[in-house]
Amino acid sequence: MNPHPLTRRLVVLALLATSLVAALTSATTTSAAAAARVTVTNDRGTAAADTKYRTELTISGSGFQVVEGGFGGVYLMFGWVKDPRGGSWKPSKGGVTGSDYRYIPDSENAADNQGYLKFIAFPGSSTSGEANAVLGKNGSFKVTLTVPGPTFQSVDRNGKVATVDCTKVTCGVITVGAHGVKNPANETFTPVRFASVYDAAPADGQDQAGAGAGATAPETGATTPSTGQGVPDAAAAPDAAAAPGAAVPAASGPPKLTTDRLTAKVGNTLAFTATGFRPGEQVLGVLDDGVAGIGPMIAGPSGEVAGILPLPAELTPGTHELRLTGAATGGQATERFAVRPADAAATPKDAAASSDDEGTSPARVFLVVAGCLFVLALLGLVLRLLLLRRRHSSGPAGPSGPSAPAGAAA
């Protein structure tokens, strides 16, 4: 018996709907499985950072959400987070720098970066020229990150400097959305343990851990407290070996300034570091043409300066310039950086990047459920039609209707 044409059409539609549901379910499962992941490896093949020397870690990422041509991308940092399992530290869940997570400040600009923070831009982003790397279209990346040691200094939103000791709290690699865009799909924390990785300083001549990681206090010029791990005299105080009355060594090369663009927001504070000034000289900082200023700051024993500059609430969002000047040498260091609005709103593309917190959106779930209901309705209709046709074909029907009962009157 050949099936009715309507039956064939319904069966075809049912098969198509079933395929659609399978595809949607597969897409949902794939998205959920492709959560952002980070792996950490040092040059010895382990995932540890050294307790005494600086450690270069190779960071590989996969499954990160990609927004083609979107603004920003991913910040990759080393630091500490509060509640790493619950995730309350995440910016998308209200986490705040200095309270819920801390990190080692550095410049996002690849040209000025010291290795403590990396900016990974979205492919085709307008900010990719400043990035250390570009996120692959499959959500992968590979960069190196410098860990100065088990202690570091960080700055909160109020400009307060605090020391983090990773031997007392759990530290690791942090990823968040870049340029102030909150992207829950790209927020991760990967713990890193500290152990004895090297028996001696690595071949590149890195100093004892913590060297260069500390910041000079803005007002007093006091350096970061020592970690107590036996810093050589020459490293702890380069001028100590000089004969009494010897001239202070001049800075080598022009001063260099880097700003922490994560904190560059109207009404917020801007963290910055600089090198190349004469040790012990006073350094003044000016924003634009005097909109704000800081100093005098005292350059440290290696000519380093660090400070926190409050950005005025009436400052216009956009590109601004910070200029540092050494009082003794007249040396200058400048950097232009972008200041975000106080209430920066995400663009449509950025909003799309923040839509999937756990890899499954409500819209996708709705489509799957609707597809399943559609399939069930079609299958029910097909079964009903087949039953009706079977009853009709098996009934005792003659050419002119039902036959008369035997013995009935003519």
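Right above here is the structure, for reference.
Because the structure is predicted, anything quoted here is derived from the model rather than measured. (Residues numbered from 1 in each chain as written. Predicted model: local features only at pLDDT ≥ 70, side-chain atom pairs only at ≥ 80, totals over all residues. Heavy atoms only, no water.)

Student: Tell me about the overall build of the protein, and name the residues and values.
Tutor: From N to C terminus, the protein includes four helices and 20 strands. In the protein, once contacts between residues fewer than 6 apart in sequence are set aside, the share between residues at least 24 apart is 69%. (Helix = DSSP H or I, 4+ residues; strand = E, 2+ residues; numbered from the N terminus. Contact = heavy atoms within 4.5 Å.)

Student: Before we move on, can you summarise the sheet that holds strand β17 (residues 292-298) with the specific residues and values?
Tutor: Reading across from one edge, β17-β16-β19-β20 is the order of the four strands in this open sheet, with antiparallel pairing throughout. Of all the strands in the sheet, just β17 and β20 (332-339) have a single pairing partner and so form its edges. On average, adjacent strands in this sheet sit at an angle of 15° to one another, irrespective of strand direction. Where strand β19 (residues 318-326) and β20 come together, eight bridges link them in antiparallel fashion. Bridge pairing in β20 places Gly318 opposite Val339. (Pairing = 2+ DSSP bridges. Axes fitted to C-alpha atoms, helices over the stretch in contact; angles between N-to-C directions.)

Student: So what about the state of the cysteines? Which residues, and what values?
Tutor: One pass over the full model with this rule turns up one disulfide. Cys166 shares a disulfide with Cys171; S-S distance 2.1 Å. Across the S-S bond of Cys166 and Cys171 the torsion is about -90°, and the bridge reads as left-handed. This pair shows no difference in class: Cys166 is buried, exactly as Cys171 is. (Disulfide = S-S within 2.5 Å. Buried < 20%, exposed > 50% of the residue type's maximum accessible area, 1.4 Å probe, protein only.)

Student: Just give me the short version of the sheet that holds strand β3 (residues 55-62), but keep the residues and values in it.
Tutor: Taken in spatial order, the three strands line up as β1-β3-β8 in an open sheet, and their pairing is antiparallel. The open sheet has two edge strands with one neighbour each: β1 (37-41) and β8 (141-147). Taken pair by pair, the neighbouring strands of this sheet meet at an average axis angle of 25°, ignoring direction. Across five bridges, the pairing between β1 and β3 is antiparallel. Bridging from a neighbouring strand, Val38 pairs with Gly61 of β3.

Student: Provide a residue-level description of the nonpolar core, including the pertinent values.
Tutor: Judged by nonpolar contacts, the single largest core of 29 residues is most densely connected at Ile59, Leu76, Phe78, Phe141 and Val173. Taken together, the elements giving at least two residues each to this core come down to β1, β3, β4 (73-81), β8 and β11 (171-177). Not counting residues up to four positions away in its chain, the partners in contact with Ile59 are Val38, Thr39, Val40, Leu76, Phe141, Lys142, Val143, Leu145 and Val173. Leu257, Val266, Ala299 and Ala333 belong to the second largest nonpolar core, which has 22 residues in total. (Core = buried A, V, L, I, M, F, W, Y, C linked by side-chain atoms within 4.5 Å.)

Student: Go over empty space enclosed by the protein with me, naming the residues and quoting the values.
Tutor: Taken as a whole, this structure holds three cavities of 30 Å³ or more when the rule is applied. Within this model, the largest cavity holds a volume of roughly 40 Å³. Residue lining of the largest cavity: Pro105, Asp106, Ser107, Thr258, Thr259, Asp260, Ala271, Phe272 and Thr273, and that is the complete set. For the lining of the largest cavity, the secondary-structure elements that each account for two or more residues are β14 (256-259) and β15 (269-275). Looking at the lining of the largest cavity element by element, the count peaks at three residues for β15. Its residues placed into classes, the lining of the largest cavity shows three nonpolar, four polar and two charged. (1 Å grid on protein atoms, 1.4 Å probe; cavity = no way out; pocket = protein on both sides within 12 Å on 5 of 7 lines; lining within 4 Å. Points joined across faces, edges and corners; volume = space filled by probe spheres on them. Nonpolar A, V, L, I, M, F, W, Y, C, P; charged D, E, K, R; others polar.)

Student: Hey, could you go over the environment of Thr319 for me, with residue numbers and the actual values?
Tutor: Structurally, the position occupied by Thr319 is in strand β19. Leave out the neighbours within four places in its chain, and Thr319 touches Arg336, Phe337 and Ala338.

Student: I'd love a proper account of the environment of Ala133, names of residues and values included.
Tutor: For Ala133, the location among the structural elements is in strand β7 (residues 133-134). Between the alpha carbons of Ala133 and Val143 there is a distance of 7.2 Å; along the sequence they are ten residues apart. Those residues in contact with Ala133 that lie beyond four places of it in its chain are Phe119, Ile120, Ala121 and Val143.

Student: An account of the pattern of salt bridges is needed here, citing residue identities and associated values.
Tutor: Side chains carrying opposite charge are able to pair once their charged atoms draw close together. Here the structure, examined in full by the defined rule, presents four salt bridges. The closest approach of N and O atoms between Asp43 and Arg44, which form a salt bridge, is 4.0 Å. With respect to burial, Asp43 and Arg44 carry one shared label: exposed. Through salt bridges with shared partners, one network takes in Glu130, Arg261 and Glu335. (Salt bridge = Lys/Arg side-chain N within 4 Å of Asp/Glu carboxyl O.)

Student: Give a detailed account of the side chain of Arg340, specifying residues and quantitative values.
Tutor: Turning to its location among the elements, Arg340 is positioned in the loop between β20 and α3 (348-353). Beyond its immediate stretch of four places on either side in the chain, Arg340 contacts His179, Gly180, Arg261, Leu262, Ala264, Lys265, Val266 and Pro317.

Student: I'd like a rundown of unusual backbone geometry, residues and numbers included.
Tutor: With the exception of glycine, the majority of residues adopt a negative phi angle, and the majority of peptide bonds are in the trans configuration. Not every positive phi belongs to a glycine, and Asp83 is a case in point at roughly 55°. Take Asp83: it is sitting in the loop between β4 and β5 (101-103). Even without being glycine, Asp288 reaches a positive phi, approximately 55°. Here Asp288 lies in the loop between β16 (282-287) and β17. The exposure class of Asp288 is buried, given its relative accessible area of 18%.

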